[in-house]
Amino acid sequence: MASTGFELLQVSLPQLAAGALQTLSISALGIFFATVGGVLYGVLANLGKRPVNIALQVYLELFRAIPVLVWLYLVFFGLPIFFGLSIPSFWCAVLVLGLWGASEVGEVVRGALRSLPRGQREAGLSIGLSGWQLYGYVLLPQALKRMTPPTINLYTRIIKTSSLAVLIGVVEVIKAGQQIIERTYESVLIYGALLLFFFFVCYPLSAASRVLERRWAHT
Amino acid sequence: MSALIEFQGFNKFFGEQQVLEQIDLQVQAGEVVVILGPSGCGKSTLLRCLNGLEQAHSGSLRLDGKELLAPGTDWRQVRQRVGMVFQSYHLFGHMSVLDNLLLGPLKVQKRERGEAQAQAEALLARVGLLDKRDVFPRQLSGGQQQRIAIVRSLCMNPEVMLFDEVTAALDPEMVKEVLQVIQGLAREGMTLLIVTHEMAFARAVADRIVFMEAGRILEQNPPERFFTQPQSARAQQFLEKFSFVESLPKTLHKELS
Ligand SMILES: Nc1ncnc2c1ncn2[C@@H]1O[C@H](COP(=O)(O)OP(=O)(O)OP(=O)(O)O)[C@@H](O)[C@H]1O
Ligand SMILES: [Mg+2]
């Protein structure tokens, strides 16, 4: 058994790193789907079509009212039972984080698009832009400033929430840490390492969000 | 010769409210038509229907003989032929002046960059703003932004231009520079539909005045006739209000308008 903290870390590091990789992969994929889905949600919500808006509202409320944890259970345990469809726990976590994140990013994108002057849309249309071109060249780039800070903040929430994946059996970074503690009883050291891990992943993001928010405040 | 633009029995509703009622209006190629009328009478709506920003309810609207209210109209095509300039310019704030001008020609018309840029620069020079090519809209005055907005439409090589109170948001000293640009287009023989509250300009530039009230066209006449002998009582009242405002001392004039 390792006698010093340093030796202990050396032995446990690969295990911790594997866990960290799981956490980062789930988070990165979740963030990716949350962003793509969120932009789609925001654009759809801006079309002003009633049935579409009702569907999006139901989707949003489902993810606001039901905890992410329950969604994880529903997808992981519920899909096989009700639809005979079983998804690996890693992808269950990505799916749930992506869908939850997309609803939240989507609300941000929707708000940012709605804050643009109506005339931007009409000016774009009047030079013959298609709907895609209008959003791609005119509306989304202008909404970007307003939507980026809150979206980055949401990314940190996705990263932190990804640890719930442990409950459907993913050995992410916290689970890996707990396994090491069970073996070595070095809880202070390991939890310290976990703290640093989350801090160094999330802090740069929230700092960036604050910097951007300040820089873009008056443009 | 058949008209370039032809409204016939044209109707438009917003919900229950009818904002355009049995509009009959023909505009020949090269003609300059100024639309006058009290606030809320449907002038903007009429222009917006012409490039598909509003949907018509019934009737007929032809461009160059082709029915636009038929299903399957390619409004993107129509909008390239019918340019529109708005009261508050609506330049794209995240793009330089040049990028504002080139967006349509490059992305919609898929033209070659060198050729489109040469045209954009020539038009900028013409409105006296070539030195502003690389600045952003927020660095420009209202009058400069509005001239850029006109050039943005012109870069699409439209056949018709619609101007909806394009000087209404401007400080008085900038009105002239914008009106001169429009007058230049009129002299060149471009087809123009203009909504304005600048009566002297209307009188000088128009081939024909169309007077509207409550969604209907009450009279259409050459400017001299309209301004000196308006046919309808409503047009008389409308003009009296304007001459009253214009005869006021300058300070009061500002407060009223
Ligand atoms: N999007 C809309 N929804 C509902 N009603 C509208 C809409 N746009 C315009 N209207 C109504 O239609 C009527 C005509 O409006 P329009 O803007 O065409 O008038 P206008 O002659 O351009 O007036 P102004 O001189 O004030 O610009 C008005 O009664 C207005 O309230
Ligand atoms: Mg109007």
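What you see is a predicted model, and the numbers here were worked out from it, not measured in a lab.

## Considerations on the overall build of chain B
Then, in step 1: Within chain B, the secondary structure is distributed over 10 helices and 10 strands.
Then, in step 2: Its C-alpha radius of gyration of 19 Å places chain B within 12% of the 18 Å reference for a compact globule of 257 residues.
Then, in step 3: Counting only C-alpha atoms, chain B reaches 55 × 50 × 35 Å along its principal axes.
Then, in step 4: Relative to its 257 residues, chain B shows a buried fraction of 56%.
Then, in step 5: Counting contacts in chain B only where the partners sit at least 6 residues apart, residues at least 24 apart contribute 66% of the total.
Then, in step 6: Split by element, the accessible area of chain B, about 11,600 Å² in all, is 48% carbon and sulfur.
Then, in step 7: Between the mean site of the 28 positive side-chain charges and the mean site of the 30 negative ones, chain B shows a separation of 4 Å.

## Topic: the overall build of chain A
Then, in step 1: When helices and strands are counted, chain A shows 8 helices and 0 strands.
Then, in step 2: Helices and strands appear in chain A in the N-to-C order α-α-α-α-α-α-α-α.
Then, in step 3: For chain A, the C-alpha atoms occupy an extent of roughly 75 × 50 × 25 Å along the three principal directions.
Then, in step 4: Out of the 219 residues belonging to chain A, those deemed buried represent 43%.
Then, in step 5: Taking the contacts inside chain A whose residues are at least 6 apart along the sequence as the reference set, 77% of them involve residues at least 24 apart.
Then, in step 6: Surface exposure of chain A reaches about 11,600 Å², of which carbon and sulfur atoms provide 68%.
Then, in step 7: Of the charged side chains in chain A, 16 are positive and 9 negative, and the gap between their average positions amounts to 14 Å.

## Quick look at the UniProt feature "transmembrane region" (unreviewed entry) in chain A
Then, in step 1: The UniProt feature table records "transmembrane region" (unreviewed entry) at residues 20-44, 152-176 and 188-206 of chain A.
Then, in step 2: Between the C-alpha atoms that bound residues 152-176 of chain A the distance is 26 Å, and the span itself is 56% helix and 0% strand.

## Description of the site of ligand 1
Residue and element names in this part refer to chain B.
Then, in step 1: Near ligand 1 you find Phe14, Gln17, Val19, Ser39, Gly40, Cys41, Gly42, Lys43, Ser44, Thr45, Glu165 and His197, and these make up its full shell.
Then, in step 2: At 3.1 Å, a side-chain N or O of Gln17 approaches an oxygen atom of ligand 1.
Then, in step 3: Ser44 is positioned with one of its side-chain polar atoms (N or O) 2.6 Å from an oxygen atom of ligand 1.
Then, in step 4: Alone, ligand 1 offers 630 Å² of accessible surface; in the complex the protein occludes 61% of this.
Then, in step 5: Going through the elements one at a time, β2 (17-27) and α1 (43-50) are the ones with two or more residues in the shell around ligand 1.
Then, in step 6: Element by element, the count of residues in the shell around ligand 1 is highest for α1, at 3 residues.
Then, in step 7: When grouped by side-chain class, the residues that make up the shell around ligand 1 number 3 nonpolar, 7 polar and 2 charged.

## Quick notes on the interface of chain B and chain A
Then, in step 1: Taken together, the contacts link 22 residues of chain B with 17 residues of chain A.
Then, in step 2: Both faces combined, the contact of chain B with chain A buries some 1,700 Å², and carbon together with sulfur accounts for 61% of it.
Then, in step 3: Of all residues in chain B, Arg79, Phe92 and His94 of chain B bury the most surface against chain A, accounting for 28% of the area lost on that side.
Then, in step 4: There are 1 salt bridge connecting chain B and chain A.
Then, in step 5: Of the charged contacts in the structure, one is a salt bridge between Glu122 of chain A and Arg48 of chain B, with a shortest N-O distance of 2.8 Å.
Then, in step 6: At the junction of chain B with chain A, the criterion picks out 6 residue pairs in polar contact (both at pLDDT 80 or more).

So, how was this worked out
- Residues numbered from 1 in each chain as written.
- Chains lettered and ligands numbered in written order.
- Predicted model: local features only at pLDDT ≥ 70, side-chain atom pairs only at ≥ 80, totals over all residues.
- Heavy atoms only, no water.
- Helix = DSSP H or I, 4+ residues; strand = E, 2+ residues; numbered from the N terminus.
- Rg over C-alpha atoms; globule rule 2.2 N^0.38 Å.
- Buried < 20%, exposed > 50% of the residue type's maximum accessible area, 1.4 Å probe, protein only.
- Contact = heavy atoms within 4.5 Å.
- Areas by Shrake-Rupley, 256 points an atom, 1.4 Å probe, with all protein chains shown as cover.
- Lys, Arg positive; Asp, Glu negative; His and termini not counted.
- Charge placed at Lys NZ, Arg CZ, Asp CG, Glu CD.
- UniProt positions renumbered as here; feature names shortened; annotations may be inferred.
- Near = heavy atom within 4 Å.
- Polar contact = N/O pair within 3.5 Å; in protein donor to acceptor, adjacent residues only side chain to side chain.
- Nonpolar A, V, L, I, M, F, W, Y, C, P; charged D, E, K, R; others polar.
- Buried area = accessible area lost by both parts, 1.4 Å probe.
- Salt bridge = Lys/Arg side-chain N within 4 Å of Asp/Glu carboxyl O.

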